[in-house]
Amino acid sequence: MTAEPTPEPQVLPEGLFADEAGCPRCTWCQATPFYRQYHDSEWGFPVADDRRLFEKICLEGFQSGLSWLTILNKREGFRAAFANFDAEKVAAFDAHDVERLVQDAAIVRHRGKITSTINNAQRVLELRREFGSLAHYVWRYEPAAADRPERITREVARTLSTSPASIAMSKDLKKRGWSFVGPTTVYAFMQAMGLVNDHLEGCHSRAAALAARRAFVVPCG
């Protein structure tokens, strides 16, 4: 009996890996199935929900100096600690809450980032009064297609840590009194919330995220 030929291993562009079923994904999510789930169903998909937007920009601030997987693994702890990122509730936190949170091992116990989250919740309420919703404010900074790279390869992705839109949004947020919202933090937020789609060419989630953006209705207040 003739032996079946061994299939050639799948050759993927740099920056992608294939799982056991051969599904190609961005390499950064390779560490755990939980990380892959986040990559497949959240990262790069457009979001209009104020709670989720506020949560993400806060968690991006906490992530500074750490890996995103560290923050993702603690996300439920953060949600419990910060009233599920209900901006009105967090805006009312006081000094006792800060001390409680500094002792909470379920989150990153960084006093400056904790007080920043409370401050930023208060700023969210101000944005809502001006723009109707945090979502309306945020989506004003979605870059035009002409301002984006034609193809997102690993080489291109390495250059994408800020953008003119993230710099502009960071500058405006800081002017409005926000903290821990530098251009790099804001760009990571934009990547995660679907204002830009930085899934690499060939990643199976890239087309899904593009389709979700085509069906998405940009918030208007």
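See above for the structure.
Caption draft 1: Structural context of the overall build of the protein. Per the secondary structure count, the protein includes 12 helices and two strands. C-alpha atoms of the protein, sized along the principal axes, occupy 75 × 40 × 30 Å. Within the span of the protein, comprising 221 residues, buried residues form 48% of the whole. Nonlocal contacts in the protein, meaning residues at least 24 apart in sequence, comprise 65% of its contacts between residues at least 6 apart. Element-wise, carbon and sulfur atoms account for 54% of the exposed surface of the protein, whose accessible area totals about 11300 Å². Between the averaged position of the 28 positive side-chain charges in the protein and that of its 27 negative side-chain charges there is a distance of 5 Å.

Caption draft 2: View of the side chain of arginine 148. Locating arginine 148 in the fold gives a position in the loop between α8 (134-139) and α9 (154-157). A polar contact is formed between the side chain of arginine 148 and the backbone oxygen of asparagine 197, at a distance of 3.5 Å. Apart from residues lying up to four places away in sequence, arginine 148 is in contact with Pro143, Leu160, Tyr187, Val196, Asn197 and Asp198.

Caption draft 3: Summary view of the pattern of salt bridges. Counted according to the given criterion, the structure contains 19 salt bridges. We note a salt bridge from arginine 111 to glutamate 99, for which the minimum N-O separation is 2.6 Å. Note that arginine 111 is positioned in helix α7 (residues 111-131) and glutamate 99 in helix α6 (residues 95-102), a separation of 12 residues in sequence. Exposure remark for arginine 111: the relative accessible area of 41% places this residue in the partly exposed category. According to the relative accessible area criterion, glutamate 99 is partly exposed, its value standing at 39%.

Caption draft 4: Molecular detail of the environment of isoleucine 152. With respect to the secondary-structure elements, isoleucine 152 resides in the loop between α8 and α9. Owing to a relative accessible area of 1%, isoleucine 152 belongs among the buried residues under this scheme. For the pair formed by isoleucine 152 and glycine 15, sequence separation is 137 residues and the distance between their alpha carbons is 10 Å. When neighbours within four sequence positions are excluded, isoleucine 152 is seen to be in contact with Ala157, Leu160, Asn197, Asp198, His199, Leu200, Glu201 and Arg206.

Caption draft 5: Local environment of the side chain of serine 166. As for its placement among the helices and strands, serine 166 is situated in helix α10 (residues 164-175). In this structure, serine 166 is in contact with Pro183, Val186, Tyr187 and Met190, ignoring residues within four places of it in sequence.

Caption draft 6: The packing of helix α2 (residues 50-63) against α7, seen in detail. Look at α2 against α7: their axes get within 10 Å of each other, and the N-to-C directions meet at 150 degrees. Seen from above, α2 lies across α7 with right-handed handedness. Contact residues: Asp50, Phe54, Cys58, Gly61 and Phe62 in α2; Lys113, Ile114, Thr117, Asn120, Ala121, Val124 and Arg128 in α7. Residues that form the contact of α2 with α7 fall into these classes: six nonpolar, three polar and three charged.

Scoring rules and cut-offs
What you see as residue numbers is a count from 1 along each chain, following the sequence as written. Local features in a predicted model are, by the rule used here, given only for residues with pLDDT of at least 70; side-chain atom pairs are given and counted only at 80 or more, and totals for whole chains, interfaces and linings are based on all residues. Based on all heavy atoms of the structure, the side-chain values leave hydrogens and waters out of the count. Helix and strand definitions follow DSSP, with helices as H or I runs of at least four residues and strands as E runs of at least two, each counted in order from the N terminus. Throughout this description, buried means an accessible area under 20% of the type-specific maximum (1.4 Å probe, protein chains only), exposed means over 50%, and partly exposed covers the range between. Note on contacts: a residue pair qualifies if any of its non-hydrogen atoms lie within 4.5 Å across the two residues. For the area figures, the Shrake-Rupley method with a 1.4 Å probe applies, and any residue is considered shielded solely by the protein chains shown. We count Lys and Arg on the positive side and Asp and Glu on the negative side, and we leave His and both chain ends out. The atom standing in for a charge is NZ when the residue is Lys, CZ when it is Arg, CG when it is Asp and CD when it is Glu. Identification of polar contacts relies on pairs of N or O atoms within 3.5 Å, with a donor-acceptor requirement for protein atoms, meaning one able to donate a hydrogen and the other able to accept it, and with residues adjacent in sequence counted only if both atoms are side-chain atoms. We define a salt bridge as a side-chain nitrogen of Lys or Arg found within 4 Å of a carboxyl oxygen belonging to Asp or Glu. Note on method: axes are straight lines fitted to C-alpha atoms, helices fitted across the in-contact stretch only, with angles between N-to-C directions ranging 0 to 180 degrees. Helix crossings get a hand from a simple test, with the near helix turned counterclockwise from the far one by less than a right angle marking a left-handed crossing and a clockwise turn marking a right-handed one. Each residue receives one of three labels: charged for Asp, Glu, Lys and Arg, nonpolar for Ala, Val, Leu, Ile, Met, Phe, Trp, Tyr, Cys and Pro, and polar for the others, Gly being one of them.

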